[in-house]
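Geometric and topological summary
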Amino acid sequence: MEAKELLIQLNSEKADAFFEKMYGADGIAENKERYVHVIKGFEEHFKGSDMSLFSSAGRTEISGNHTDHNHGKVLAGSINLDCVAAAAANGTEKIHIISETYRQEFTIDINKLDPSEKKAGTIDLTKGMLKGFLEMGYKIGGFDAFITSNVISAAGVSSSAAYEMLICTMINTFFNAGSVDVVTYAHVGKYAENVYWDKASGLLDQMACAVGGMITIDFKEPLKPVVEKIDYEFGSRDHSLIIVQTGKGHADLSAEYSSIPGDMKKVAAVFGKEVCADITEEEVLDNIEKVRKEAGDRPLLRALHFFEENKRVEEEVAALKADRFDVFLQKITESGNSSWKWLQNCYVPGETEQGITAALSLTELFIQKKGCGACRVHGGGFAGVIMAMLPNEVVDEYIAYIEKAMGEGSAYRMSIRPYGAVCVDGFIS
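Think of each chain on its own: its residues are numbered from 1, step by step along the sequence as written. It should be noted that, the model being predicted, local features are given only for residues of pLDDT at least 70 and side-chain atom pairs only at 80 or more, the latter also being counted only at that level, while totals for whole chains, interfaces and linings use all residues. Side-chain numbers come from the whole structure's heavy atoms, not from hydrogens or water.

Thoughts on the nonpolar core
Convention followed: Take the buried Ala, Val, Leu, Ile, Met, Phe, Trp, Tyr and Cys residues and link them wherever side-chain atoms come within 4.5 Å; each set so joined is a nonpolar core. Any residue under 20% of the maximum accessible area for its type is buried, any over 50% is exposed, and the rest in between are partly exposed; the area is computed with a 1.4 Å probe on protein chains only. Labels follow the DSSP assignment, with helices taken as runs of H or I lasting at least four residues and strands as runs of E lasting at least two, numbered in each case from the N terminus.
Residues L75, I147, Y163, I167, M170 and F328 are the most contacted members of the largest nonpolar core, which totals 61 residues. Top contributing element to this core by residue count: helix α5 (residues 159–175), with 10 residues. Formed by 24 residues, the second largest nonpolar core is a distinct cluster that contains F19, M22, F42 and M51.

A few points about the sheet that holds strand β9 (residues 374–378)
We apply this condition: At least two bridges found by DSSP between two strands is the condition for calling them paired. Note on method: axes are straight lines fitted to C-alpha atoms, helices fitted across the in-contact stretch only, with angles between N-to-C directions ranging 0 to 180 degrees. Residue contacts are defined here by distance: any two heavy atoms, one from each residue, within 4.5 Å place the two residues in contact.
Spatially, 4 strands are ordered β9-β10-β8-β11 in an open sheet, and the strand pairing comes out antiparallel. In the strand order of this sheet, the two ends are held by β9 and β11 (411–414), each with one partner. Strand-to-strand, the axes of this sheet are offset by a mean angle of 25 degrees, without reference to chain direction. Both strand β8 (residues 239–245) and strand β10 (residues 385–391) contribute to a ladder of 7 bridges, which runs antiparallel. Counterpart to H239 in the pairing with β10 is P391. Across the sheet, helix α12 (residues 325–343) touches β8, β9 and β10, and the angle it forms with β9 is around 40 degrees.

Looking at the pattern of salt bridges
Note that side chains of opposite charge can pair when their charged atoms are close. So the rule is basically this: Any carboxyl oxygen of Asp or Glu that lies within 4 Å of a side-chain nitrogen of Lys or Arg is treated as forming a salt bridge with it.
Within the structure shown, the criterion is met by 25 salt bridges. Measuring nitrogen to oxygen at the nearest pair gives 2.7 Å for the salt bridge that ties E228 to K321. Placement of the pair is E228 in strand β7 (residues 226–229) and K321 in helix α11 (residues 297–321), with a sequence separation of 93 residues. Residue classification places E228 among the partly exposed positions, given a relative accessible area of 33%. Measuring nitrogen to oxygen at the nearest pair gives 2.6 Å for the salt bridge that ties D263 to R298. With D263 in helix α8 (residues 254–270) and R298 in helix α11, this pair connects stretches of sequence that are 35 residues apart. Given the relative accessible area of 3%, D263 is considered buried. The exposure class assigned to R298 is partly exposed, which follows from its relative accessible area of 37%. Connected through salt bridges with shared partners, the residues E61, E309, R312 and R376 form a single ionic network.

Details of the state of the cysteines
Formally: What counts as a disulfide here is a pair of cysteine sulfur atoms lying within 2.5 Å.
Following the criterion strictly, the structure yields 0 disulfides and no others. Here C168 stays free of any disulfide, with the sulfur of C209 as its closest cysteine sulfur at 11 Å. As a non-bridged cysteine, C372 has C375 as the owner of its nearest cysteine sulfur, 12 Å distant.

Examining the side chain of S335
Along the chain, the position of S335 falls in helix α12. A residue is classified by how much of its surface remains accessible, and S335, at 0% relative accessible area, is buried. When near neighbours in sequence (up to four residues on either side) are disregarded, S335 contacts S63, E309, R312 and R376.

A word on unusual backbone geometry
Keep in mind that most residues, glycine aside, have a negative phi and that most peptide bonds are trans. We note that H71 has phi near 65 degrees; this positive angle belongs to a residue other than glycine. Although it is not a glycine, F382 adopts a positive phi angle of roughly 70 degrees. Position of F382 among the secondary structure elements: in the loop between β9 and β10.

Focus on the packing of aromatic side chains
The criterion, for reference: The aromatic pairing rule takes the rings of Phe, Tyr and Trp, using the six-membered ring of Trp, and pairs them if the centres are within 6.5 Å, calling planes under 30 degrees apart stacked, those over 60 edge-to-face and the rest tilted.
Inspection of the entire model under this criterion finds 20 aromatic pairs. Taking 4.8 Å as the distance between ring centres and 20 degrees as the angle between the ring planes, the aromatic pair formed by F18 and F427 counts as stacked. In this pair, F18 is assigned in helix α2 (residues 13–23) and F427 in helix α15 (residues 425–428), connecting sequence segments 409 residues apart. Centre to centre, the rings of Y191 and Y196 are 6.3 Å apart; their planes meet at 50 degrees, and the pair counts as tilted. Its relative accessible area of 21% is what places Y191 among the partly exposed residues. Judged by its relative accessible area of 4%, Y196 falls in the buried class. Each residue in the set F18, F19, Y23, Y35, Y419 and F427 is aromatic and connected to the rest through ring pairs, giving one cluster.

Spelled out as structure tokens, the structure:
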């Protein structure tokens, strides 16, 4: 679509309705400006007038902490923070990307997709996604893209996965006639992180960014995960979801993250299996001496977290369907306690900087005083962010309270949006 036509469409009532669903009524004007900005940025840098608009959401993990990589269950949702882009196929074998937010500009030859020796950064990640599409039998080609993002980096809301799913949507739109499903998107992103970053990622982040809305996912069959949308609006219970950035990022913690699936798999290996989804909690408890001897105590605790967290996801979904919000909040609290004590991903052993546990402790004191709400570590853990769910009447007070400790601008109100990774054109034209 030509730039002038896109700009006209952005000012339509249809676009207003779409933007309200995506960003809330208060976010329509601000986010329209972002789309106008990428249109103009594309025109300026690539000298083209035909383009398409794309959006890919960040995600919030509501429950199911570190279960996906052992083929467990999660409850997650796409959020109102996203990557936005204007892009177009260019008829060449070169991909040109300008990422304004991260001040990156690079070109990739689609015939040269080997990773760098370092195996890190956006270029390697993008090469990995291109290679992933080829490995799965899909087409790729050259395109130009101007991208901006307000997904908080290194904060557990999956800025990397949001970028990955954005690129997947472009490749699907430009070269595969929309034939690629979002499950394949997720596997492409996982492939890129596993092979081109040497990061033992699961599928949670990519699925939650790509699908849209609040979803529960069962990864028992990882090639065909069972995804169910949960029709529940947190706003109807007059509660807000708040993400708190606790300080240190988690970019240098790959070893800590990789240790979690590795530990769980050690327990599965005691029974001749690969992942914890292939064994039962009863088997572990009935053979506890053998498990402790052959796998170790930390792997045992992390495996027990896996089994109990799967149960909690089921109980939370049932509570939401029955409109038992009190039970849902209780299970969120239990999930947080299990992550802290059993999974052990709230701080790095030996480190005196413990932003996650400090923020959780302060939030627990606040919740205890107010008699309402829930909190837990959010995302990978060890550093990064926590999540709190609180009644709207105390949210402003909580934000002032927690930002006094964690820093001004460290708390973010989130909402769940109904669309994940999409080409925007069809929603506004």
